[in-house]
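Single-letter residue listing:
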Amino acid sequence: MESLESKTRFCSVALVLLLISLLWSQLPSSSAQQQHEPNPTIRTMEDFSGYPIHEPGQFGSINLASSLSVDAPGLQKQIEELSSFSDAPSPSVTRVLYTDKDVSARRYVKNLMTLAGLSVREDAVGNIFGKWDGSEPSLPAVATGSHIDAIPYSGKYDGVVGVLGAIEAINVLKRSGFKPKRSLEIIMFTSEEPTRFGISCLGSRLLAGSKELAEALKTTVVDGQNVSFIEAAKSAGYAEDEHFSSVFLKKGSYFAFIELHIEQGPILEDEGLDIGVVTAIAAPASLKVEFEGNGGHAGAVLMPYRNDAGLAAAELALAVEKHVLESESIDTVGTVGILELHPGAINSIPSKSHLEIDTRDIDEARRNTVIKKIQESANTIARKRKVKLTEFKIVNQDPPALSDKLVIKKMAEASTELNLSHKMMISRAYHDSLFMARISPMGMIFIPCYKGYSHKPEEYSSPEDMSNGVKVLSLTLAKLSLD
């Protein structure tokens, strides 16, 4: 039990502080002084208590940077817990759109948003929003977020760091005493991965106003088991009214959008750097190609008389590599990710072949030149091998996205103020940020990942690297919210 003497001393200190506060409030001072000089009352209270006491909304960013504290063990625990919602055994993660595991994972994220004091809502396709109202909620909010769906047998960190890390960033700011002017909003995007319906960034494409996609989802989109998008969405509790245009956001809905993400490449780790400030996202395009030949018995049809659809596909796959290298830019890439042969028997000449090709570049014109060359090669190969080119379809041909100069500046400033090393870099993988750039100024924060591994169980980012990313995200959100 405290002594009477200590209680008396505490009351005396409190009385002195109260008198100082009353006297200070009566002194005239200019608004400029109030803005730039610390309040003596606050300073005296900090001297007595030994702890920093922040006035809401009065942070200098350097002072805020020193007060940010990330619960790294808690964030790692949440990542492990979320990874348990998987249709593949640990350490792999498989979490496909609208499956039971996906629905359970969504429930987990919504609960974390609620515990963080955010108001939570969902749209017709299951994009999830968690909002912290600022002091001027009529202003466009600053948004952040990513996705939690995972391709089969992948890892725990892709997208997830940008969702759980965003929630922790809000908690970090709240613990620091920060009060935003602009509201801060977290978005968990639906189906960034194209696993189930072959459509990447489904949720963010709709938010960006894709009328073609909204119509297709109502009529033609099915998965590999012929389950329609509408049916799958309704099984997960979405698409009640089937009016997907309700998902669209107007340009300028947000003041800015920032996505925290693992690099999915080795550059930051190789160079020993903490943070990547993304300046551009490469332009992706997807192609579907099909050849049809005559087929026949592998022993009975002699080589001069064959019309082999499989060899046509193989030749085109090599042509993709050739045309990409002809660009003479390291930023041009091409991948034949799917090559299927029919009937798929060792003793049968392929009568049909199916290829799916991914090509990307930060230069849209250069990428489109590669696509044109691939199509020319497909026609030439078909004529030479006497097979039919039955399909050459450009599935999507998205433009690149440039990060906003102000957002880049704020991310770089945040890294410097936190004493974290950083470099400007491009994203060769594409993300929901590519489509959010059509709605608002955009930026991305990269953190290192082990050996650049991603989309595989070995994917890993250390608690320290995640903590650094969350701090940079927190400080960037704070800076932008006060603009």
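Here's what I pulled together on the structure shown here. Just so it is clear, the model here is predicted, and its values are computed rather than measured.

Reading across from one edge, 11-13-9-14 is the order of the four strands in this open sheet, with antiparallel pairing throughout. If you trace the sheet from one side to the other, it starts and ends with strand 11 (333-342) and strand 14 (388-397), each paired once. For this sheet, the mean angle separating the axes of adjacent strands, direction not counted, is 15°. Strands in contact with helix 12 (residues 309-326) are strand 9 (283-292), strand 11 and strand 13 (352-361); relative to strand 13, the strand with the most contacts, it is inclined by about 10°. Where helix 13 (residues 364-385) meets the sheet, its contacts fall on strand 9, strand 13 and strand 14, and the angle it forms with strand 14 comes to roughly 170°.

It is worth spelling out the packing of helix 5 (residues 72-83) against helix 16 (residues 463-481) at this point. Put simply, helix 5 and helix 16 touch, their axes get as near as 10 Å, and they point 105° apart. The orientation of helix 5 with respect to helix 16, classified from their angle, is roughly perpendicular. Of the residues in helix 16, those in contact with Ala72, Leu75, Gln76 and Ile79 of helix 5 are Pro463, Met466, Ser467 and Val470. Tallied by class, the residues present in the contact of helix 5 with helix 16 amount to six nonpolar, two polar and no charged.

Time to look at the packing of helix 5 against helix 7 (residues 160-176). When two helices pack together, their arrangement is given by the angle between the helix axes and by the axis-to-axis distance. The contact between helix 5 and helix 7 brings their axes to 10 Å, and the two run at 135°. Between helix 5 and helix 7, the interaxial angle falls into the category oblique. In this structure, the crossing between helix 5 and helix 7 has a hand that is right-handed. Contacts between helix 5 and helix 7 involve Leu75, Gln78, Ile79 and Leu82 from the former and Val160, Val161, Leu164 and Gly165 from the latter. Looking at the contact of helix 5 with helix 7, its residues break down into six nonpolar, two polar and no charged.

Let us look at the pairing of strand 17 (residues 442-447). Note on strand geometry: in a regular strand, side chains alternate between the two faces of the sheet. The element strand 17 is largely enclosed, with a buried count of six among its six residues. Covered by surrounding structure in strand 17 are Met442, Met444 and Phe446 together with Gly443, Ile445 and Ile447, the residues of both alternating faces. One ladder, built from six bridges, connects strand 7 (residues 254-262) with strand 17; its direction is parallel. The residue of strand 17 that forms the bridge with Glu259 is Met444.

Bringing the pattern of salt bridges into the picture now. Scanning all chains against the criterion turns up 23 salt bridges. Note that Arg438 is salt-bridged to Asp398, the shortest N-O span being 3.6 Å. Taken together, the positions of Arg438 in the loop between helix 15 (433-436) and strand 17 and Asp398 in the loop between strand 14 and strand 15 (401-402) put the pair 40 residues apart, joining distant regions of the chain. Classification of Asp398 as buried rests on a relative accessible area of 6%. The network of salt bridges with common partners includes Lys409, Glu413, Glu417 and Lys479.

In this fold, Pro91 is placed in the loop between helix 5 and strand 1 (93-95). According to the relative accessible area criterion, Pro91 is partly exposed, its value standing at 44%. With 367 residues separating them along the chain, Pro91 and Glu458 place their C-alpha atoms 7.9 Å apart. Once residues within four sequence positions are removed from consideration, Pro91 is found in contact with Ser154, Lys156 and Pro457.

Quick look at helix 14 (residues 405-417) now. Between its first and last C-alpha, helix 14 extends 18 Å over 13 residues, near the 18 Å set by a 1.5 Å rise per residue. Where helix 14 is concerned, the buried positions are Val407, Ile408, Lys410, Met411, Ala412, Ala414, Ser415 and Glu417. You can read the cap of helix 14 off the contacts: a side-chain oxygen lies 3.0 Å from the backbone nitrogen of Leu406, and it is on Asp404. Immediately downstream of helix 14, the backbone of Asn419 shows phi near 60°, a positive value.

Taking 1.5 Å per residue as the helical rise, helix 12 with its 18 residues ought to reach 26 Å, and the 26 Å between its terminal C-alpha atoms agrees with that figure. Here helix 12 has its buried residues at Ala309, Gly310, Ala312, Ala313, Leu316, Ala319, Val320, His323 and Val324. Here helix 12 starts with a cap whose side-chain oxygen sits 2.7 Å from the backbone nitrogen of Gly310, and that cap is Asp308. Two residues or fewer after helix 12 comes Glu328, characterised by a positive phi angle close to 60°.

So, about the packing of aromatic side chains. Under the counting rule described, the total for this entry stands at eight aromatic pairs. Consider the rings of Phe85 and Tyr108, whose centres lie 5.8 Å apart with planes at 50°: the pair is tilted. Placement of Phe85 in the loop between helix 5 and strand 1 and of Tyr108 in helix 6 (residues 100-115) is noted, with a sequence separation of 23 residues between them. We classify Tyr108 as buried; its relative accessible area is 14%. Measuring from centroid to centroid gives 5.8 Å for Tyr157 and Tyr460, while their planes differ by 80°, and the two rings are edge-to-face. Here Tyr157 is found in the loop between strand 5 (150-154) and helix 7, whereas its partner Tyr460 is found in the loop between strand 17 and helix 16, with 303 residues between them in sequence. Connected via pairs of aromatic rings, a cluster forms that spans Tyr98, Phe197, Phe229, Tyr238 and Phe244.

Residue placement: Glu193 occurs in the loop between strand 6 (184-189) and helix 8 (202-207). As a buried residue without a salt bridge, Glu193 has its nearest oppositely charged side chain in Arg360, at a separation of 8.0 Å. Dropping the residues within four chain positions of it, Glu193 is found in contact with His147, Asp149, Ile151, Asp158, Ile199, Ser200 and His455.

About the criteria used
Residues numbered from 1 in each chain as written. Predicted model: local features only at pLDDT ≥ 70, side-chain atom pairs only at ≥ 80, totals over all residues. Heavy atoms only, no water. Pairing = 2+ DSSP bridges. Helix = DSSP H or I, 4+ residues; strand = E, 2+ residues; numbered from the N terminus. Axes fitted to C-alpha atoms, helices over the stretch in contact; angles between N-to-C directions. Contact = heavy atoms within 4.5 Å. Parallel < 35°, antiparallel > 145°, perpendicular 65-115°, else oblique. Nonpolar A, V, L, I, M, F, W, Y, C, P; charged D, E, K, R; others polar. Left-handed = near helix turned anticlockwise from the far one by under 90°. Buried < 20%, exposed > 50% of the residue type's maximum accessible area, 1.4 Å probe, protein only. Salt bridge = Lys/Arg side-chain N within 4 Å of Asp/Glu carboxyl O. Expected span 1.5 Å × (residues − 1). Polar contact = N/O pair within 3.5 Å; in protein donor to acceptor, adjacent residues only side chain to side chain. Phe/Tyr/Trp six-rings, centres within 6.5 Å; stacked < 30°, edge-to-face > 60°. Lys, Arg positive; Asp, Glu negative; His and termini not counted.

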